[in-house]
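Analysis of the macromolecular model
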Amino acid sequence: MLRPGELEIAQNAPAAGCSPESAQQYTRWLATHHYENFNIASWLLPKELHQHFYNLYAYCRWADDLGDEVPDTQRALELLDWWEQELDACYEGRPSHAVFVALRETIVAKDIPKQPFADLLRAFRQDQIVKRYATWDAVLDYCVYSANPVGRLVLYLCDYRDEQRQRLSDATCTALQLANFWQDVSRDLQKGRIYIPLDIAAQHHVSEDDIVSRRFSENHVALMKDLITRTRILFDQGFPLAQQVAGKLRIDLEMFSRGGIAVLDAIENNGYDTLHYRPAISKTKQATLLVRVLVSQFLSPRISTARSVPQTISQAKPAASSPSSVGAHHAPPQAATKSEINIETSYAACHQIARAARSNFYYAFYLLPKPKRDGLAALYAFMRLVDDVADEGDDLSTKQRGLAKWRASLDEAVTGTERETDGSSALAPQSWPQGAAEVLPALVNTMRRFHMPARYLHDLISGAEMDLTINTYPTYDRLKEYCYRVAGTVGLTCTHVFGFSDSRALDLAEKLGLAFQLTNIIRDVREDAALGRIYIPDEDLIRYNVSRQDFSNNEATLGVRELLRFEADRAWQMYEQGAELLDLVDPDSRGTLWLLVHTYNALLARIESLDFAVFGERVRLSKAEKMLFIARARFGRHTRDNVLEKRDRDWRRAGGTGGRRRAG
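Every residue gets a number counted from 1 within its own chain, in the order that chain's sequence is written. Reporting in this predicted model follows two pLDDT cut-offs: at least 70 for local features of residues, and 80 or more for side-chain atom pairs to be given and counted; totals over whole chains, interfaces and linings ignore these cut-offs and use all residues. To get the side-chain values, take all heavy atoms of the structure and skip hydrogens and water.

1. With respect to helix α7 (residues 148-157)
Quick reminder of the rule: Type-normalised accessible area, obtained with a 1.4 Å probe on protein chains alone, sets the label of each residue: buried when under 20%, exposed when over 50%, and partly exposed for intermediate values. Only runs of H or I of at least four residues qualify as helices and only runs of E of at least two qualify as strands under DSSP, and these elements are numbered from the N terminus. Here, residues are in contact when the closest pair of their heavy atoms is within 4.5 Å.
Taken across its 10 residues, α7 has 8 buried, putting it largely inside the fold. Inspection of α7 places N148, P149, G151, L153, V154, L155, Y156 and L157 among the buried residues, and these make up the whole buried set. As for α7, its buried residues are in contact with α2 (50-68), α4 (98-110), α5 (115-129), α6 (136-146) and α8 (163-183). With its phi angle positive at about 70°, D159 sits one or two positions after the end of α7.

What follows is the structure, given as structure tokens:
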């Protein structure tokens, strides 16, 4: 059926009806000589599975090339039909093509049904006919046939046949397929294909013609952020699979997920311009991912090789992995069971930490239903303890080790180090930092309840690590990276607790986090300078002819005031954009969100009214003002129209230097 020279990978294929030995030698050669981000049969897999993986890979590789490497559509469809005939012959016990001669050994040994192989061919045929996808659901339906069968085949190879693992595998495989789509936007355009769902593009004011013409804009950035957020949710849903398989396969499965997440990170780091650039994962990055996975796996206890895994706190039932559920994010709290009694104790410890910190916002928690109130307390306690590690003491290496311990402890808690003891789970590894055993059970329970990605908390720890070694920021983009880690992550985690159904909520939460952090930076600019930290970007210092030494003065200069006014305008822009989040979170959470946003932007308005005189006594809101805000949050309306404090844009005197200053 295949013509001479029609397909490159056929050049080294043995003749039809070859011996199983020759066939397996060919599939092994094919699997180890074709570029992939992560080798399908890595050295981490059990040796006895290598050949089976080679055989599976060869089938997929051939099917893919028959669809993609044959330029004529009609001819490609003919070859895919021929390939399915060879598949039928293989299942009838009379394989002919070398790939099927090898694959027959795997099918028999592992009792693999034909459907996953046939589903893949359906997807490859669809690629010949369908070049556009009108809706998000249509893209996900394509993934059901193009990606999910591969994961199920891998599970069959490893003797896992249960529905639970298959659901987790489907979520991971769909996420990997989507990550590949967003990575290959420019390549797919060359083939005339667009996998970006046009309905999601339209929501961000991006047309099909914009994509075809490669018009990169802020709208395209917003579109890619939306798609990446949806994809990350799927990765998070499927991530528990790695902890539900035995042996070295866990490492390979986690590597696949982390590799896909690394692709999404690379897209973000490249400024989301997938229309012109294809982000790639370097060998160094792959090695780094491998080291992280090895460390996390070797720190975790071995799991049972039984085919069913009992659910503990860290292995709680994940979010439904049905593709159609992605983008709809609800957080119905679950009632505590008998085995979760220690979680209630953990939540009590978290509330105690929050109360002891005397944070004004602890009172905002009481505007929420109890499950959400507990969730915010768990988040606050974790963040408080991590922040304490970064702020206490002077020894850099001690702080770095402390944060590394928190990162490892978080990984252990999330991936499942709980051990059943007398009917309740115990969390007490000796390597954990002080407070972790008390806080992490509640934190993990919160993450499970509200479908919260662990990535946000790891990013927060990364922000604390940045504060240990980075004292200045050359550009605003670099500062935004820091602000995302220390404040955007707070907004994202809280928004998961608040509950939302529109994926735009996450982008708006990041904007509010940035606004909050810019407000803090402006208020604390002199205090931070005394500690050797200048958060104002160097490029802005140059623009306003301000030196770092100017922040050590007793009074703000004209240049400093104009510089801080510039940064305040940036913050106000983020507040104005992020205020839309109020309409997107669950109604029972709007009072708390309103209080947080209103208090922070009222503080910024106060700083503006004082002409940025932040070099003396710290600018604060009075207790009476805060109590008034709490009352308005409890009994008033909560809309984006009334959440922002009104700005008096006429308060400045001519020349900008004669603004009012507070006493002292």
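The rest of the description comes next.
2. Overview of the packing of α5 against α6
The condition is simple: Between N-to-C directions, angles span 0 to 180 degrees; the directions come from axes that are lines fitted to C-alpha atoms, helices contributing only their stretch in contact. By definition in this entry, angles of less than 35 degrees are roughly parallel, angles greater than 145 are roughly antiparallel, angles of 65 to 115 are roughly perpendicular, and the rest are oblique. Three residue categories are used. Nonpolar comprises Ala, Val, Leu, Ile, Met, Phe, Trp, Tyr, Cys and Pro, charged comprises Asp, Glu, Lys and Arg, and polar comprises the others, including Gly.
Taken N-terminus to C-terminus, the directions of α5 and α6 make an angle of 130°; their axes are 7 Å apart at the nearest point. Here α5 is positioned oblique relative to α6, judged by the angle of their axes. Facing α5, whose interface residues are D119, L120, R122, A123, Q126 and D127, α6 presents Y142, Y145 and S146. Class assignment of the residues belonging to the contact of α5 with α6 gives a composition of 4 nonpolar, 2 polar and 3 charged.

3. Quick word on the side chain of Q166
Stated formally: Nitrogen and oxygen atoms within 3.5 Å of one another constitute a polar contact, given that in protein one can donate a hydrogen and the other can accept it, and given that sequence-neighbouring residues count only through two side-chain atoms.
Checked against the element boundaries, Q166 lands in helix α8. One polar contact links Q166 to Y156, side chain to side chain, over a distance of 3.5 Å.

4. Concerning the packing of aromatic side chains
Any two aromatic rings considered together are summarised by their centre-to-centre distance and by the angle between their planes. The cut-off we apply is this: Aromatic contacts are taken between Phe, Tyr and Trp rings whose centres are within 6.5 Å, Trp giving its six-membered ring; a plane angle under 30 degrees counts as stacked, one over 60 as edge-to-face, and the others as tilted. For a ring to carry a charge above it, either NZ of a lysine or CZ of an arginine must fall within 6 Å of the ring centroid while also lying within 35 degrees of the normal to the ring plane.
Summed over all chains, the structure comprises 23 aromatic pairs. Geometrically, the ring pair formed by Y473 and Y482 is tilted, given 5.4 Å between the ring centres and 40° between the ring planes. Assessed through its relative accessible area of 0%, Y473 is described here as buried. Aromatic pair F516 and Y600: ring centres 4.2 Å apart, planes at 10°, arrangement stacked. On the criterion of sequence distance, the pair formed by F516 in helix α21 (residues 504-523) and Y600 in helix α25 (residues 590-609) is long-range, its members being 84 residues apart. Residue classification places F516 among the buried positions, given a relative accessible area of 16%. Joined through ring pairs, the aromatic side chains of Y59, W62, W82, W83, Y91, F100 and F117 make up one cluster. Sitting over the face of the ring of Y145, R122 holds its NZ or CZ atom 3.8 Å from the ring centroid. Over the ring of Y476 we find R570; its NZ or CZ atom is 3.6 Å from the centre of that ring.

5. Quick word on empty space enclosed by the protein
To be explicit about the condition: Whether a set of points on the 1 Å grid over the protein atoms alone is a cavity depends on a 1.4 Å probe fitting there but being unable to get out, while an open set qualifies as a pocket with protein on both sides within 12 Å along at least five of seven lines; lining residues are those with an atom within 4 Å of a point. Grid points are joined across faces, edges and corners, and a volume is the space filled by probe spheres set on the points.
Enumeration over the complete set of coordinates arrives at 3 cavities of 30 Å³ or more. What the largest cavity holds in volume is close to 60 Å³. In terms of lining, the largest cavity is formed by F181, W182, V185, D188, L189, R193, I194, Y195, I196 and I211. Elements with a contribution of two residues or more to the lining of the largest cavity: α8 and α9 (185-190). Of the residues forming the lining of the largest cavity, the biggest block, 3 residues, is contributed by α9. Considering only residue class, the lining of the largest cavity consists of 8 nonpolar, no polar and 2 charged.

6. So, the environment of R152
Counting through the fold element by element, R152 comes out in helix α7. The spatial distance from the C-alpha of R152 to the C-alpha of Q166 is 6.1 Å, given a sequence separation of 14 residues. In this structure R152 touches Q166, S169 and D170, once residues within four positions along its chain are discounted.

7. Overview of the confidence of the model for the protein chain
Selection rule: Residue-level confidence of the predictor is summarised by pLDDT, bounded by 0 at the bottom and 100 at the top.
The predicted model of the protein chain averages 82 in pLDDT, with 83% of residues at 70 or higher. The weakest mean pLDDT in the protein chain belongs to strand β1 (residues 419-421) at 36; the strongest belongs to helix α11 (residues 208-212) at 96.

8. A short note on the packing of α2 against α7
Test applied: Helix crossings fall into two classes, left-handed where the near helix is turned counterclockwise from the far one by less than a right angle and right-handed where it is turned clockwise.
Running from N to C, α2 and α7 point in directions that differ by 160°, and their axes come no closer than 11 Å. Relative to α7, α2 is oriented roughly antiparallel. Where α2 crosses over α7, the handedness of that crossing is right-handed. Between α2, through H52, F53, L56 and C60, and α7, the contact on the second element is made entirely by V150, L153, V154 and L157. Residue composition of the contact of α2 with α7, grouped by class: 7 nonpolar, 1 polar and no charged.

9. Notes on unusual backbone geometry
For R214, which is not glycine, the phi torsion reads 55° and is therefore positive. When you line up the elements, R214 lands in the loop between α11 and α12 (218-238).

10. Observations concerning the pattern of salt bridges
How we decide: Salt bridges, as used here, are contacts in which a Lys or Arg side-chain nitrogen is within 4 Å of a carboxyl oxygen on Asp or Glu.
Tallying each qualifying case throughout the model produces 45 salt bridges. Residue D210 is joined to R215 by a salt bridge in which the shortest nitrogen-to-oxygen separation is 2.7 Å.

11. What about the environment of R384?
Assignment of secondary structure puts R384 in helix α16 (residues 370-391). Once the C-alpha coordinates of R384 and I353 are considered, the two residues, 31 residues apart in sequence, prove to be 8.1 Å apart. When sequence neighbours within four positions are dropped, the list of residues in contact with R384 reads I353 and A357.

12. Some details on the side chain of T639
Structurally, T639 can be placed in the segment after α26 (623-635). Given a relative accessible area of 15%, T639 falls into the buried group. Beyond its immediate stretch of four places on either side in the chain, T639 contacts L582 and W594.

13. Notes on the nonpolar core
Using the following cut-off: Think of a nonpolar core as a cluster: buried Ala, Val, Leu, Ile, Met, Phe, Trp, Tyr and Cys residues, connected wherever their side-chain atoms sit within 4.5 Å.
One finds F382, W406, L479, I536, F551 and Y575 to be the most contacted residues of the largest nonpolar core, which totals 106 residues. Ranked by size, the runner-up nonpolar core spans 47 residues in total, among them L49, Y54, Y57 and L153.

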